[in-house]
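# Fold and geometry: a report
Here's the letter readout for the chains.
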Amino acid sequence: MAPGPAGRTPVFERRPTGGSAAEKAAAEKVVALTFDADMTADQGARAKAGERFDNPELIALLRRLKVPSTVFMTGRWAEEYPAQAKGIGTDDLFEVANHSYSHYAFTADCYGLPVVAKDAMTRDVERAFSAFRQAGVRNVVPYFRFPGGCYDDAALRALGPANVTAVQWDVVSGDAFATDAGAVAEQVLDGVRPGSLVVMHCTRSAAPVTAEAISRIVPELRKRGYRFVKVSGLMEG
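So, here is what we can say about the structure in this document. None of the values given here were measured: they were computed from a predicted structure. Every chain is numbered independently, its residues counted from 1 as its sequence is written. Under the rules for a predicted model, residues below a pLDDT of 70 receive no local features and side-chain atom pairs below 80 are neither given nor counted, while totals for whole chains, interfaces and linings still include all residues. With hydrogens and water excluded, all non-hydrogen atoms of the structure serve as input to the side-chain values.

Before going further, it helps to examine the environment of arginine 222. A run of H or I in DSSP becomes a helix once it reaches four residues, and a run of E becomes a strand once it reaches two; helices and strands are each numbered from the N terminus. Mapping arginine 222 onto the fold places it in helix H9 (residues 210–223). Taking the C-alpha atoms as reference points, arginine 222 and arginine 127, 95 residues apart in sequence, are found 38 Å from one another. Leaving out residues up to four positions away in the same chain, arginine 222 has contacts with Leu65, Lys66, Val67 and Phe228. Here, residues are in contact when the closest pair of their heavy atoms is within 4.5 Å.

Laid out in structure tokens, this is it:
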């Protein structure tokens, strides 16, 4: 996407479905499942103590189900799990997008996350891309997801030099810290519309039931006639 006014980073949320009721009814049934691979810069000690910020079971399930997906990865995650990052990022089923290096917030008051200084925002994004390269991640796309989804005009201006498109979502899965896979699946299935973009997580410690929810979501959406695409597929449409 082209930069916004005054060099602001453009923001993509979902594919437009047309204006009239007839156009919306005829909209192609496509949906993008996205997965945030979160790890903050200061969680190394927790990882050493055995906390798992990865979810290889989920990635294996997406492969078995043949679901094209976009993984929004932090640079810190790629450093902690370089073999997994490379495996995801060299598999054409997936594309890897930037979720910052540190998973610190780009605005104040964002779910209690530490805040990146405005003059350090572009460097933080570039550091994540560098971590991907060092891990051997190949299928990298110039998309960025703000940690927590939190942004303001100042953040969009600050990230202009990074030449990325910010990607939000219109369906919140509710998988973060959820313990009921059925409730997560129901929330997604209730929310998806043609052109929807779903946010989920690829982190066992923070989203332990995501794989189980996916095992219910994918067959049901296919039964309803939906086709899965990456975020790049939504943008191209």
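We note that lysine 66 has phi near 55°; this positive angle belongs to a residue other than glycine. Mapped onto the elements of the fold, lysine 66 is located in the loop between helix H3 (56–65) and strand S3 (69–73). Positive phi outside glycine occurs at asparagine 163, with the angle close to 55°. As for its position among the elements, asparagine 163 is in the loop between helix H7 (153–158) and strand S6 (165–167).

With that settled, the discussion passes to the packing of H3 against H9. The convention used is that axes are lines fitted to C-alpha atoms, helices contributing only their stretch in contact, and that angles between N-to-C directions extend from 0 to 180 degrees. Orientation of H3 relative to H9, taken along the N-to-C sense of each, is 20°, at an axis distance of 9 Å. By the angle class used here, H3 and H9 are roughly parallel. Seen along the crossing, H3 lies across H9 with a hand that is right-handed. In this structure, H3 contributes Glu57, Leu58, Leu61, Leu62 and Leu65 to the contact, and H9 contributes Thr210, Ala211, Ile214, Ser215, Val218 and Arg222. The residue makeup of the contact of H3 with H9, split by class, is 7 nonpolar, 2 polar and 2 charged. Any angle that falls under 35 degrees is termed roughly parallel, while one over 145 is termed roughly antiparallel, one within 65 to 115 roughly perpendicular, and all others oblique. Left-handed describes a crossing whose near helix is turned anticlockwise from the far helix through less than a right angle; right-handed describes the clockwise counterpart. Classes in brief: Ala, Val, Leu, Ile, Met, Phe, Trp, Tyr, Cys and Pro nonpolar; Asp, Glu, Lys and Arg charged; the others, Gly included, polar.

Looking now at the pattern of salt bridges. A pair is scored as a salt bridge if a Lys or Arg side-chain nitrogen falls within 4 Å of a carboxyl oxygen belonging to Asp or Glu. Overall, the coordinates contain 13 salt bridges when judged by the stated rule. Salt-bridge contacts for arginine 46 lead to glutamate 51; the nearest nitrogen and oxygen are separated by 2.8 Å. The exposure class assigned to arginine 46 is partly exposed, which follows from its relative accessible area of 41%. We call a residue buried when its accessible area falls under 20% of the maximum for its residue type, exposed when it is over 50%, and partly exposed in between, using a 1.4 Å probe and counting protein chains only. Residue glutamate 51 is classed as partly exposed on the basis of its relative accessible area, which comes to 22%. The closest approach of N and O atoms between glutamate 80 and arginine 76, which form a salt bridge, is 3.0 Å. In this pair, glutamate 80 and arginine 76 are both assigned in helix H4 (residues 75–80), 4 residues apart and thus about one turn of the helix distant.

Here the largest pocket is characterised by a volume of approximately 590 Å³. Forming the walls of the largest pocket are 28 residues, and the residues nearest its centre are Asp38, His103, Ala176, Phe177 and His201. Looking at the lining of the largest pocket residue by residue, the class counts come to 12 nonpolar, 11 polar and 5 charged. As defined here, a cavity is a set of points on a 1 Å grid over the protein atoms alone where a 1.4 Å probe fits but cannot get out. A pocket is an open set with protein on both sides within 12 Å along at least five of seven lines, and residues line them when an atom is within 4 Å of a point. Grid points are joined across faces, edges and corners, and a volume is the space filled by probe spheres set on the points.

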